[in-house]
Amino acid sequence: MDYPTTKMTAPTAKPLSGRLAVVTGSTSGIGLGIARAFAEAGANIVINGLGAPGDIERLTEDLAGLGVEISFDPANLMLAESAAKLVSNAIDRHGRIDILVNNAGIQHVAPIEEFPVEKWDAIQALNLAAAFHTIRAAIPDMKAAGFGRIINIASAHALVASPYKSAYVAAKHGVLGLTKTVALEAARDGVTCNAICPGYVWTPLVEAQIEDTARARGLDRAQVIEDVLLAAQPSKRFATVEELGALAVFLAGPFGGSINGAAIAMDGGWTAQ
Ligand code: NAD
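Residues numbered from 1 in each chain as written. Predicted model: local features only at pLDDT ≥ 70, side-chain atom pairs only at ≥ 80, totals over all residues. Heavy atoms only, no water.

## Notes on the site of the ligand
Here is step 1: Ser 28, Asn 103, Tyr 168, Val 201 and Thr 203 are the nearest of the 30 residues found near the ligand.
Here is step 2: A distance of 2.7 Å separates an oxygen atom of the ligand from a polar backbone atom of Val 201.
Here is step 3: Compared with its free state, where it exposes 830 Å², the ligand has 93% of that area covered by protein.
Here is step 4: When contributions to the shell around the ligand are tallied by element, the ones reaching two or more residues are α1 (29-40), α5 (166-186) and α6 (204-217).
Here is step 5: Per-element tally for the shell around the ligand: the top contributor is α6, with three residues.
Here is step 6: Inspection of the shell around the ligand shows a minimum of three residues originating in each of domain 1 (20-200 + 239-266) and domain 2 (202-237). (Near = heavy atom within 4 Å. Polar contact = N/O pair within 3.5 Å; in protein donor to acceptor, adjacent residues only side chain to side chain. Areas by Shrake-Rupley, 256 points an atom, 1.4 Å probe, with all protein chains shown as cover. Helix = DSSP H or I, 4+ residues; strand = E, 2+ residues; numbered from the N terminus. Domains from an automatic or database assignment.)

So this is what it looks like as structure tokens:
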């Protein structure tokens, strides 16, 4: 019997050349880091997220300078229909979708008895339901093409909890369940679905929660960083958007095909405890 091998002509600096990627929430932080890594790896990308038009124009020009095609779709992923349209628009425009990264997310920190109901609803809509709607829209084309890479940016909070983050922890655990289910459903069609579970990464999302956490726990800024955020991370440093981008490129690339339904922690050892 011939054992299967993964054929590569030669290691290439552009492992995603010719691929079309949709990266949600890629105007900032981790999503932007992944978009940059994808562009460097040769993928054409549909960027999405909020931001001032001038900033987004600069950002897309900057990424296009890496020699790939970049377009921007302003879909508000709080809305189910817009999330599905982000994907169908990309397919209409490019005739394909090879890689889908569900990254857009928000956070709110408060004790559960004070947790605003509208914040709970918004976090479920963006951090969990949007991923369902984009995947649901992308899967038929990926299956038909016999290739697809879905990467959900979950969190260490998909694996463990922290106090005062009820909505976020619930949504991220949900994303991991969604990831495993899609992985099983699409495994025979050349489609993989995995969750990256970062610990703390220095981005505007983390910056915003420092103040909320300080208020909820009665601490100052330095104490929040040292005693709350990095207390959980044995490495005592933030993960970087470049590290996350490199992992996403690997999952989407030619050697990522057997990683499926996995929760890949990039948390400096946090969830090993
Ligand atoms: P960020 O605030 O820097 O970026 C969030 C992105 O989502 C932005 O591009 C923003 O414009 C976009 N976005 C927000 N609302 C949107 C909407 N309604 N429709 C479309 N896009 C919208 O945050 P980040 O830290 O880069 O987080 C990205 C993802 O990584 C999130 O899912 C977050 O939960 C996850 N994560 C972050 C960390 C961390 O420490 N930063 C750790 C674990 C997981």
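## What to know about the pattern of salt bridges
Here is step 1: Within the structure shown, the criterion is met by nine salt bridges.
Here is step 2: A salt bridge links Asp 62 to Arg 36; its shortest N-O distance comes to 3.0 Å. With a gap of 26 residues between them, Asp 62 in helix α2 (residues 53-64) and Arg 36 in helix α1 connect regions that are remote in the sequence.
Here is step 3: Here Asp 62 falls in the partly exposed class, since its relative accessible area comes to 42%.
Here is step 4: Three or more residues are tied together by salt bridges with common partners; here these are Arg 19, Arg 96 and Asp 98. (Salt bridge = Lys/Arg side-chain N within 4 Å of Asp/Glu carboxyl O. Buried < 20%, exposed > 50% of the residue type's maximum accessible area, 1.4 Å probe, protein only.)

## What about the packing of helix α3 (residues 80-94) against helix α4 (residues 117-145)?
Here is step 1: Put simply, α3 and α4 touch, their axes get as near as 8 Å, and they point 30° apart. Taken together, the axes of α3 and α4 lie roughly parallel to each other. In terms of crossing hand, the pair formed by α3 and α4 is right-handed. Contact with α3, carried on its side by Ala 80, Ala 83, Ala 84, Val 87 and Ile 91, involves Ala 130, His 133, Thr 134, Ala 137, Ala 138 and Asp 141 of α4 and no other residues of that element.
Here is step 2: Partitioning the contact of α3 with α4 into residue classes produces eight nonpolar, two polar and one charged. (Axes fitted to C-alpha atoms, helices over the stretch in contact; angles between N-to-C directions. Parallel < 35°, antiparallel > 145°, perpendicular 65-115°, else oblique. Left-handed = near helix turned anticlockwise from the far one by under 90°. Contact = heavy atoms within 4.5 Å. Nonpolar A, V, L, I, M, F, W, Y, C, P; charged D, E, K, R; others polar.)

Just geometry here; none of it tells us what the structure is for.
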